Amino acid sequence: DEIKPLSFDVLARAVIASDAATDIEVPLNFFRRGMLDVYTGNYIEAIYDFYFVLENQFGNGKFKTTAVSEEFLKSAQLISCVRRALSDPGPMITSQGRIYSQFRKAYEKGNVEESIRNIVKLRGYLHHHTSKRRDMWNPEDQRRYEMEALFLQSVTYNVVFEISKPYLWDKNVVKAYEELVKDYNNAR
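Residues numbered from 1 in each chain as written. Predicted model: local features only at pLDDT ≥ 70, side-chain atom pairs only at ≥ 80, totals over all residues. Heavy atoms only, no water.

Participant: Looking at this model, I keep getting lost on unusual backbone geometry. Mind explaining?
Facilitator: Backbone geometry follows two general trends: most residues other than glycine have a negative phi, and most peptide bonds adopt the trans configuration. The backbone of Asn60 sits at a positive phi, close to 50°, despite the residue not being glycine. Turning to its location among the elements, Asn60 is positioned in the loop between α3 (43-58) and α4 (65-74). The exposure class assigned to Asn60 is exposed, which follows from its relative accessible area of 56%. (Helix = DSSP H or I, 4+ residues; strand = E, 2+ residues; numbered from the N terminus. Buried < 20%, exposed > 50% of the residue type's maximum accessible area, 1.4 Å probe, protein only.)

Participant: Looking at this model, I keep getting lost on the pattern of salt bridges. Mind explaining?
Facilitator: Side chains that differ in sign of charge can pair as their charged atoms come close. For the structure on display, the rule yields seven salt bridges. We note a salt bridge from Asp9 to Arg13, for which the minimum N-O separation is 3.0 Å. Remark: Arg13 and Asp9 occur in helix α1 (residues 8-17); sequence separation between them is four residues, near one turn of the helix. Accessibility expressed as a relative area gives 5% for Arg13, which makes it buried. Note that Glu162 is salt-bridged to Arg84, the shortest N-O span being 3.5 Å. Of the two residues, Glu162 sits in helix α9 (residues 146-168) while Arg84 sits in helix α5 (residues 76-87), which places them 78 residues apart along the sequence. Ionic contacts of the salt-bridge type, sharing partners, join the residues Arg84, Glu162 and Lys165 into one network. (Salt bridge = Lys/Arg side-chain N within 4 Å of Asp/Glu carboxyl O.)

Participant: I'm lost on the packing of helix α2 (residues 25-39) against α9 in this one. Help?
Facilitator: How two helices sit against one another is set out by the angle between their axes and by the gap between those axes. α9 packs onto α2 with a crossing angle of 150° between their chain directions and a minimal axis gap of 10 Å. The angle between α2 and α9 places the two elements in the roughly antiparallel class. Once α2 is placed against α9, the crossing between them reads as left-handed. Residues Pro27, Leu28, Phe31, Met35 and Val38 of α2 touch α9, and the partners they reach there are Leu150, Gln153, Thr156, Tyr157, Val160, Ile163 and Ser164. In terms of residue class, the contact of α2 with α9 is built from nine nonpolar, three polar and no charged. (Axes fitted to C-alpha atoms, helices over the stretch in contact; angles between N-to-C directions. Parallel < 35°, antiparallel > 145°, perpendicular 65-115°, else oblique. Left-handed = near helix turned anticlockwise from the far one by under 90°. Contact = heavy atoms within 4.5 Å. Nonpolar A, V, L, I, M, F, W, Y, C, P; charged D, E, K, R; others polar.)

Participant: Looking at this model, I keep getting lost on the packing of aromatic side chains. Mind explaining?
Facilitator: Each pair of aromatic rings is reported with the distance of its centres and the angle of its planes. Inspection of every chain in the model, using the stated rule, returns nine aromatic pairs. Each ring, one from Tyr157 and one from Phe161, has its centre 6.1 Å from the other, and the planes form 20°; the classification is stacked. Pair noted here: Tyr157 and Phe161 are both in helix α9, with a separation of four residues, about one helical turn. A relative accessible area of 43% means that Tyr157 is categorised as partly exposed. Residue classification places Phe161 among the partly exposed positions, given a relative accessible area of 26%. Put simply, the rings of Tyr100, Phe103, Tyr107 and Phe151 touch in pairs and so form one group of aromatic residues. The residue whose ring lies beneath Arg13 is Trp169, and the NZ or CZ to ring-centre distance is 4.8 Å. (Phe/Tyr/Trp six-rings, centres within 6.5 Å; stacked < 30°, edge-to-face > 60°. Lys NZ or Arg CZ within 6 Å of the ring centre and 35° of its normal.)

Participant: For this particular structure, what's the right way to read α3?
Facilitator: Since the α-helix turns once every 3.6 residues, residues separated by three or four places project in the same direction. The terminal C-alpha atoms of α3, which comprises 16 residues, lie 22 Å apart, in line with the 22 Å expected from a rise of 1.5 Å per residue. Those residues of α3 not exposed but buried are Tyr43, Ile44, Ala46, Ile47, Asp49, Phe50, Tyr51, Val53, Leu54 and Phe58. Where α3 is buried, its residues touch α2, α4, α5, α8 (112-127) and α9. Just beyond α3, the residue with positive phi is Asn60, at close to 50°. (Expected span 1.5 Å × (residues − 1).)

Participant: Would you explain the side chain of Gln153 in this entry?
Facilitator: Here Gln153 shows up in helix α9. Residue Gln153 is classed as buried on the basis of its relative accessible area of 10%. Residues in contact with Gln153, not counting those within four places in the same chain, are Phe31, Met35, Val38, Phe50 and Met92.

Participant: Help me understand the nonpolar core in this model?
Facilitator: By size, the foremost hydrophobic cluster in this structure holds 38 residues, and its most contacted members are Leu54, Phe72, Leu78, Val82, Tyr145 and Phe151. Counting only elements with at least two residues in this core, the list comes to α2, α3, α4, α5, α7 (97-107), α8 and α9. Among the nonpolar cores identified, the runner-up in size contains six residues, and Ala21, Ile24, Ile163 and Val173 belong to it. (Core = buried A, V, L, I, M, F, W, Y, C linked by side-chain atoms within 4.5 Å.)

Below, the structure is given as structure tokens:
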């Protein structure tokens, strides 16, 4: 899969809209931090950051596993975003044989409800640590969670794009962008 560059107009409109988009600043910040964690190979931290995007948008203050899963499953938007990530996880997953194989094995059924419950369960597992469990995770073994982090990246990318759309396509933002382009063209 080829990664397509972001069009300049969408990027410019994001900058123009940024002052007005304060109500989505926190989930966008978590997403940005998750992206940085993926870049540096800190996959467990990336999972936390991406999970916080979901918790912020869809958790409604719940924190117990069952209650969070129920809240997440009430959201048509989250269900749609997970469904898209299952059908098209993106090039970070599909371009890497090992990761894509793990993804297909973990998500071959494409069951949205099960995927959401697994995301919440993974968060609980990574949030709590005990030496009593033989299969407990090790903070040095970040790569073990790479596929899960990349899947959550795909899900949360879909989420942040959806919550950003009203700002990116706001008529005032589009008009401001068109005026910038017009001014630029007139100055040439």
